[in-house]
Amino acid sequence: MKKRIGWIAVLMVLPVMIWAENFWVGVFAKNTPYTGQAYTTSKSLPHLKSAIDKEWEKGSDIIDISYGHDVWMVLYARGTGYAQQAYMHRRDLKKFSKTVEAYRSKGFNLVNIEYGAGEWLGVFAKGSKYKDVVFGYTRYWEDFEKNIAKRWKEGYMLVDIEAAEGYWTGIFAKNTGFKDQAYSKIEEWVDVTREIKRRWKEGYRLVNIEYTAAEWFLLFAKFDKPREEVFANNEDIEDFRKTIRKYWKEGYSLVDLANGRD
């Protein structure tokens, strides 16, 4: 993002616009299984399909998708261990859920969910390490929070979350490699930064970040060996591309994407 001194100068002239500005967020980590990475950006679902097909032909797998600034950004990697992938999108969440079950019956686990441009998009994989994958959704956060607690007691971990159209959705799984989990909901980005650093000191690592219902949802996990991790954000996608290249050169993998606002 722009340096804070720049914010002060613009804030006096355009106070409403500065708070409405969206930005991209990336979580980077070392000691991941990935052997190579790429990303694509697409303005429409037909272009998205074309980009994904090209990366699949190169032997890369989808590990995350994020929508923001009217752009679909897809993150790919090699070394995932997946045998096969698929993705689909539906406008209606109930139809999306039924399609998830149809893919599950064919041996595909849901590994990622994103909402954008009026569509629920799911990414599936065969060969995922996850076991007993469950997709669930509720209307209200209080009910979803209870569902998280229930799944934790049953031995599941939360691996992805998305909130849109008045729904909270989540993917739960066993055999994730996580020893423990925690989450936080934060309104202001400046507090997000403080919370991540606080959780790092407790031994947690950030595994998923989402902008949900005007709040940032931060999902943390503990690993057997805590990985080295950083996060960064940029308003402009071209600046974000430079940030990605910077951390790749330093030996980090980009493991999670998000788009939200301050």
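Computed from a predicted model, the values in this text were never measured in an experiment.

### A look at helix 5 (residues 141-153)
For step 1, the next point in the chain: The terminal C-alpha atoms of helix 5, which comprises 13 residues, lie 19 Å apart, in line with the 18 Å expected from a rise of 1.5 Å per residue.
For step 2, the next point in the chain: Following helix 5 by one or two positions, Gly 155 adopts a phi angle in the positive range, close to 95 degrees.

### Here's the deal with the environment of Tyr 34
For step 1, the next point in the chain: Relative to the elements of secondary structure, Tyr 34 occurs in the loop between strand 1 (22-29) and strand 2 (36-42).
For step 2, the next point in the chain: Residue Tyr 34 is classed as partly exposed on the basis of its relative accessible area, which comes to 24%.
For step 3, the next point in the chain: For the pair Tyr 34 and Val 255, spaced 221 residues apart in sequence, the C-alpha separation works out to 9.4 Å.
For step 4, the next point in the chain: Not counting chain neighbours up to four residues away, the residues in contact with Tyr 34 comprise Ile 63, Ala 77, Arg 78, Thr 80, Ser 253 and Val 255.

### Things to note about the sheet that holds strand 10 (residues 167-174)
For step 1, the next point in the chain: Across the sheet, which stays open at both edges, the three strands sit in the order 8-10-9 with antiparallel pairing between neighbours. Whereas interior strands pair on both sides, the edge strands pair on one side only; in this sheet they are strand 8 (131-138) and strand 9 (157-164). Neighbouring strand axes in the sheet, compared pairwise and without regard to direction, differ in orientation by 15 degrees on average.
For step 2, the next point in the chain: Of the pairings in the sheet, the one linking strand 8 to strand 10 comprises six bridges and is antiparallel in character. Along strand 10, the bridge assignment pairs Tyr 137 with Thr 169.
For step 3, the next point in the chain: Where helix 4 (residues 93-105) meets the sheet, its contacts fall on strand 8 and strand 10, and the angle it forms with strand 8 comes to roughly 170 degrees.
For step 4, the next point in the chain: In the packing of helix 5 onto the sheet, contacts are made with strand 8, strand 9 and strand 10, and the angle to strand 10 comes to roughly 5 degrees.

### What to know about the pattern of salt bridges
For step 1, the next point in the chain: Taken as a whole, this structure holds 15 salt bridges when the rule is applied.
For step 2, the next point in the chain: Between Glu 195 and Arg 198 there is a salt bridge; the shortest N-O distance is 2.8 Å. Residue Glu 195 and its partner Arg 198 are located together in helix 6 (residues 189-201), separated by three residues, close to a single helical turn.
For step 3, the next point in the chain: In this structure, Glu 202 and Arg 198 form a salt bridge, with 2.8 Å as the shortest nitrogen-oxygen distance.
For step 4, the next point in the chain: Looking at Glu 202, the relative accessible area reads 36%, which means it is partly exposed.
For step 5, the next point in the chain: Judged by relative accessible area, Arg 198 falls into the partly exposed class, the value being 37%.
For step 6, the next point in the chain: What you see here is one network of salt bridges that share partners, running through Glu 195, Arg 198, Arg 199 and Glu 202.

### Notes on the side chain of Thr 169
For step 1, the next point in the chain: Note on placement: Thr 169 falls in strand 10.
For step 2, the next point in the chain: Its relative accessible area of 0% is what places Thr 169 among the buried residues.
For step 3, the next point in the chain: Residues within four places of Thr 169 in sequence aside, it is in contact with Leu 93, Ile 113, Trp 120, Phe 135, Gly 136, Tyr 137, Phe 144, Asp 160, Ile 161 and Glu 162.

Reading guide: rules and limits
Residues numbered from 1 in each chain as written. Predicted model: local features only at pLDDT ≥ 70, side-chain atom pairs only at ≥ 80, totals over all residues. Heavy atoms only, no water. Helix = DSSP H or I, 4+ residues; strand = E, 2+ residues; numbered from the N terminus. Expected span 1.5 Å × (residues − 1). Buried < 20%, exposed > 50% of the residue type's maximum accessible area, 1.4 Å probe, protein only. Contact = heavy atoms within 4.5 Å. Pairing = 2+ DSSP bridges. Axes fitted to C-alpha atoms, helices over the stretch in contact; angles between N-to-C directions. Salt bridge = Lys/Arg side-chain N within 4 Å of Asp/Glu carboxyl O.

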